[in-house]
Amino acid sequence: MKLLRFGDAGHERPGLLDATGVIRDLSGVVADITGLTINDASLARVASIDPLSLPTVDAAVRIGPCVGAVSKFICVGLNYADHAAESNLPIPQEPILFQKAVSAICGPNDEVIRPKTATKMDWEVELGIVIGKRARNITKDEAEAHIAGYCVVNDVSERAYQAERGGQWTKGKSADTFGPIGPWLVTRDEIADIHSLALFLDVDGIRRQKGNTATMIFSVYHLIAYISEFMTLEPGDIIATGTPPGVGMGMKPPVYLEAGQTMHLGIAGLGEQRQTVVAYR
């Protein structure tokens, strides 16, 4: 299934994308798409419903973040060998973890606000994992059963905050609107091989990133098991699994985002996003 949330920011309602691409209203079935409603039993109940029996939704409606009430937004750094190389950094021996503030989360097509003091704003298309079952000290073999589904993430970054302001990366990742997720939460049964998905990102129509999850250093299942050693993953938590090469920081000379530019990104089978960068207001 492809689940989504639609409506005005802060007032989103649950929905489902049917086989013809029409949005269907799930409000009569579940209260929202959150950690409370994406466990296996709840998803099975939604899957048993005939989508044609659900009310249709205007195609022009705003699409919100595909998961609500997220408690943790965990990111993995340098998880593609070719991205590590363009960043002039060694391939990590263990996953590099940092967190993105959940207040950064926004809809997949919402405007992205350039922070007031930003100078090096960058883009990063990433595969997002949505946790569906509490995970604590689990093994790689157990990891898949803890996944509700997957989504597209744009790990928008401010490189000066990240690398030149001291401390950890979180401050360069957490500005409002720096975490577009969606458009859909695609349940894990829809993806035949999560480690064989093409990713892309364009800026103003120019292809900047092109990659495939096949080249990730640490697999989806390794990451879930690894993170669960250090913290309990709760239903609804999101893990952004790293980005392929082609970020602005890695270009020679570096190229960064300015107000008025548009990012268009997507992952095969998981949908696409489009955001316009706007000045701080």
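One can find the structure itself at the top, above this paragraph.
Sequence order as written defines residue numbering, which begins from 1 separately in each chain. Local features in this predicted model are restricted to residues whose pLDDT is 70 or higher, and side-chain atom pairs enter the listing and the counts only when it is 80 or higher, whereas totals over whole chains, interfaces and linings include all residues. The side-chain numbers reported here are obtained from all heavy atoms of the structure, hydrogens and water having been left aside.

Quick word on the overall build of the protein chain
Quick reminder of the rule: Starting at the N terminus, helices and strands are each numbered in turn, a helix being any DSSP run of H or I of at least four residues and a strand any DSSP run of E of at least two. C-alpha atoms define the radius of gyration in this analysis, and the globule rule sets the expected value at 2.2 Å times the number of residues to the power 0.38. For every residue, the accessible area obtained with a 1.4 Å probe (protein chains only) is divided by the maximum for its type, and the residue is called buried under 20%, exposed over 50%, and partly exposed between those limits.
Within the protein chain one finds five helices and 18 strands. For 281 residues, the compact-globule formula gives about 19 Å, and the C-alpha radius of gyration of the protein chain, at 18 Å, lands near that figure. Dimensions of the protein chain, computed from the C-alpha atoms along their principal axes, are close to 55 × 45 × 30 Å. Out of the 281 residues belonging to the protein chain, those deemed buried represent 56%.

A word on the nonpolar core
Just so we agree on the cut-off: In these notes, a set of buried Ala, Val, Leu, Ile, Met, Phe, Trp, Tyr and Cys residues joined through side-chain atoms within 4.5 Å is what counts as a nonpolar core. Contact between two residues is taken to exist if any of their heavy atoms lie within 4.5 Å; hydrogens are not considered.
In this structure, Y150, V220, I224, M263 and L270 are the most contacted members of the largest nonpolar core, which totals 47 residues. For this core, the elements supplying multiple residues, two or more each, are β1 (2-6), β4 (73-77), β9 (125-131), β10 (147-154), β14 (198-203), α5 (220-230) and β17 (262-267). Apart from the residues lying within four places of it in its own chain, the contact partners of L270 are L127, Y150, C151, V152, P183, W184, V186, I191 and L197. The next biggest cluster of nonpolar side chains, apart from the first, holds 26 residues, and it includes V67, A148, L185 and I238.

Remarks on helix α1 (residues 40-47)
The line we're drawing: In this description, the arc belongs to the directions extending from the helix axis to the C-beta atoms. Definition of a polar contact: a pair of N or O atoms within 3.5 Å, with one able to donate and the other able to accept a hydrogen when the atoms are protein atoms, and with sequence-neighbouring residues admitted only if both atoms are side-chain atoms.
Those residues of α1 that sit buried are S42, L43 and V46. In a view along the axis of α1, the buried residues occupy a sector of 95°, so they form one face of it. The inward-facing, buried residues of α1 contact β1, β2 (13-17), β10 and β13 (185-187). N-cap assignment for α1: the residue whose side-chain oxygen lies 3.2 Å from the backbone N of A41 is N39.

A look at the pattern of salt bridges
Under the convention used in this document: The term salt bridge refers to a pairing of a side-chain nitrogen on Lys or Arg with a carboxyl oxygen on Asp or Glu at a separation within 4 Å.
A complete count under the given rule lists 19 salt bridges for this structure. Ionic pairing is found between R281 and E111, a salt bridge with its closest N-O pair at 2.9 Å. One end of the pair, R281, is in the segment after β18 (271-278); the other, E111, is in the loop between β6 (105-106) and β7 (112-113), and 170 residues separate them in sequence. Among the residues examined, R281 registers a relative accessible area of 64% and is labelled exposed. Notably, a salt bridge pairs K120 with E164, separated by 2.6 Å at the nearest N-O pair. With K120 in the loop between β7 and β8 (121-122) and E164 in helix α4 (residues 159-164), this pair connects stretches of sequence that are 44 residues apart. Judged by relative accessible area, which is 26%, K120 ranks as partly exposed.

Side note on the sheet that holds strand β16 (residues 238-240)
Where we set the bar: Whether two strands pair depends on DSSP finding at least two bridges between them. A fitted line through C-alpha atoms represents every axis, and for helices the fit uses only the stretch in contact; the resulting angles, taken between N-to-C directions, go from 0 to 180 degrees.
Across the sheet, nine strands lie side by side as β3-β2-β1-β13-β10-β9-β16-β4-β5; this open sheet has mixed pairing. Only two strands of the sheet have a single neighbouring strand rather than two, namely β3 (23-25) and β5 (96-99). Shown here is a sheet whose adjacent strand axes are inclined to one another by a mean of 30°, direction ignored. As judged from the two bridges shared by β1 and β13, these two strands associate in the antiparallel manner. Following the sheet pairing, L3 is matched in β13 by L185. Where α5 meets the sheet, its contacts fall on β4, β5, β9, β10 and β16, and the angle it forms with β10 comes to roughly 100°.

Structural notes on the sheet that holds strand β15 (residues 206-212)
The five strands are arranged β7-β18-β17-β14-β15 in an open sheet whose pairing can be described as mixed. Each edge of the open sheet carries a strand with a single partner, namely β7 and β15. The sheet contact formed by β14 and β15 spans six bridges and is antiparallel. Residue pairing across strands places L201 opposite Q209, the latter belonging to β15.

Here we look at the environment of V57
Tracing the backbone through its elements, the reader meets V57 in the loop between α1 and β4. Sequence-wise, V57 and R207 are 150 residues apart; in three dimensions their C-alpha atoms are separated by 32 Å. Sequence-distant contacts of V57, defined by excluding residues within four places in its chain, comprise F6, I23, R24 and D25.

Let's talk about the pairing of β2
Burial runs high along β2: four of the five residues are buried. Pairing between β1 and β2: five bridges, direction antiparallel. Considered in β2, the bridge of R5 is made with P14. In this structure, the hairpin formed by β1 and β2 is closed by a connection of six residues, where G7 is found at a positive phi of approximately 120°.

With respect to α5
Those residues of α5 that fall on the buried side of the exposure criterion are V220, L223, I224, A225, Y226, I227 and S228. On its buried face, α5 sits against β4, β5, β9, α3 (140-143), β10 and β16.

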